[in-house]
Amino acid sequence: MLNKVVIFGVGLIGGSFARSLKKAGAVGSVVGMGRSAASLKRAQELGIIDVIGVADAGGGGCTMAEALDGADLVLLAAPVAQTEAILAALAPHLQPGTVVTDAGSTKCDVVASARRALGGKIAQFVPGHPIAGRETNGPEAAIDDLYVGKKVVLTALDENAAVDVERVAAAWRACDAIIHRLTPQEHDKVFAAVSHLPHLLAYALVDDIANKPHADLLFQYAASGFRDFTRIAGSSPEMWRDISLANQSALLTELDAYLAQLTGLRARLAAGDGAGLESVYSNAQRARHQWITAIEAAEAPPNPANQGG
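Residues numbered from 1 in each chain as written. Predicted model: local features only at pLDDT ≥ 70, side-chain atom pairs only at ≥ 80, totals over all residues. Heavy atoms only, no water.

### Quick word on the packing of aromatic side chains
Logical step 1: Evaluation of the coordinates by the stated rule reveals three aromatic pairs.
Logical step 2: Here the aromatic rings of Phe 17 and Trp 172 are separated by 4.5 Å at their centres, their planes lie at 50°, and the arrangement is tilted. With Phe 17 in helix H1 (residues 12-23) and Trp 172 in helix H6 (residues 162-174), this residue pair connects regions lying 155 residues apart in the sequence. The residues Phe 17 and Trp 172 share a single accessibility class, namely buried.
Logical step 3: Measuring from centroid to centroid gives 6.1 Å for Phe 219 and Phe 226, while their planes differ by 70°, and the two rings are edge-to-face.
Logical step 4: Aromatic rings pair up to connect Phe 17, Tyr 147 and Trp 172 into one cluster. (Phe/Tyr/Trp six-rings, centres within 6.5 Å; stacked < 30°, edge-to-face > 60°. Helix = DSSP H or I, 4+ residues; strand = E, 2+ residues; numbered from the N terminus. Buried < 20%, exposed > 50% of the residue type's maximum accessible area, 1.4 Å probe, protein only.)

### Examining the pairing of strand E2 (residues 27-33)
Logical step 1: Summarising burial for E2: five of the seven residues are buried, a large majority.
Logical step 2: Note: strand E1 (residues 2-8) against E2, six bridges, orientation parallel. Bridged to Phe 8 within E2 is Met 33.
Logical step 3: Regarding topology, H1 serves as the crossover connection from E1 to the parallel E2, and that connection is right-handed.
Logical step 4: Pairing analysis gives two bridges linking E2 to strand E3 (residues 51-52), with the strands arranged parallel. Paired with Gly 32 across the strands is Ile 52, a residue of E3.
Logical step 5: After leaving E2, the chain enters helix H2 (residues 37-45) and then returns to the sheet as E3, a path that is right-handed. (Pairing = 2+ DSSP bridges. Right-handed = clockwise from strand over helix to strand, strands pointing away.)

### A look at the environment of Pro 96
Logical step 1: One can find Pro 96 in the loop between helix H4 (83-90) and strand E5 (99-102).
Logical step 2: As a C-alpha pair, Pro 96 and Ala 210 span 114 residues in sequence and 51 Å in three-dimensional space.

### Some points on helix H5 (residues 108-118)
Logical step 1: What H5 keeps buried is the set Asp 109, Val 110, Val 111, Ser 113, Ala 114, Ala 117 and Leu 118.
Logical step 2: Of the surrounding secondary structure, the elements contacted by the buried residues of H5 are H4, E5, strand E6 (125-126), helix H7 (184-210) and helix H10 (237-246).
Logical step 3: Gly 119 occupies a position one or two residues after H5 and carries a positive phi of about 55°. (Contact = heavy atoms within 4.5 Å.)

### As for the packing of H4 against H5
Logical step 1: It is at 8 Å that the axes of H4 and H5 come closest, and there the two elements cross at 25°. By the angle between their directions, the pair H4 and H5 is classed as roughly parallel. Between H4 and H5 lies a crossing of right-handed hand. Facing Thr 83, Glu 84, Leu 87, Ala 88 and Leu 90 of H4, the residues of H5 in contact are Val 110, Ser 113, Ala 114, Arg 116, Ala 117 and Leu 118.
Logical step 2: When its residues are assigned to classes, the contact of H4 with H5 shows seven nonpolar, two polar and two charged. (Axes fitted to C-alpha atoms, helices over the stretch in contact; angles between N-to-C directions. Parallel < 35°, antiparallel > 145°, perpendicular 65-115°, else oblique. Left-handed = near helix turned anticlockwise from the far one by under 90°. Nonpolar A, V, L, I, M, F, W, Y, C, P; charged D, E, K, R; others polar.)

Here's what the structure looks like:
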């Protein structure tokens with residue numbers, strides 16, 4: 001049971017974390033911090049947070065020092081570019097018993113920011129990344145089952161105490177999430193390929209269509225395939241700008257590989273090489289089917305007939 005949790009950013013990710021903990025009865029009170037007073041007020045009206053925190057005294061809520069006083073856990077659910085500024089602001093008030101974690105989609109840059117901002121208190125920071133989301137944003141988007149059955153990757157530091165890592169893991173398990181572990185470097189390489197590149201491609205395709213002189217006609221006939229492929233282009237542009245730049249090196253590597261793949265496909269298309277195109281399509285179909293089958297197997301409830309006893 002967490003007596004007090006402080007969340008920076010009470011939109012989809014942070015707000016859903018709060019809702020999930022409350023639903024599980026795993027938290028006593030939640031303090032919300034953020035840039036937008038309107039969003040914080042709305043989050044309080046919706047019951048996502050109990051107390052509004054403000055940067056300075058006299059702002060109509062508790063101060064940073066008051067917010068962090070006695071806090072068991074702090075979650076940073078703001079865009080990754082804000083990580084260092086937030087950590088620097090909270091560092092003077094960070095008590096020995098408080099563990100800080102984050103929900104950022106990149107980890108190497110976040111760890112570097114944390115080391116600069118926290119200095120000798122770096123052991124209290126346990127980096128994390130919940131693999132969940134929707135294309136909607138803000139407090140209204142927060143739901144209490146966003147993390148059910150979803151992966152949360154923890155990229156623990158050498159300085160972290162096992163008990164502090166477990167506090168973060170236990171909080172996410174209370175949200176019915178599944179804990180995985182990677183190093184920050186492994187994390188950023190993996191997600192450049194399977195998350196950051198797909199978002200870049202979706203944004204690029206929709207932007208390309210939108211900039212054509214007959215865009216209205218094209219969107220009129222765009223159907224489910226276009227909608228499914230481009231769904232993630234509805235995500236926060238600010239957040240994905242920060243993610244793209246934060247993971248620039250790994251993302252450029254994946255983008256170059258994808259450009260090479262497109263160049264190969266173009267050559268086959270230009271040459272009328274149907275067999276070559278079909279070979280690529282078939283390999284992709286087979287790999288996707290195997291991936292979906294593995295997901296479905298992992299998510300399937302246990303068969304009572306296979307249980308002992």
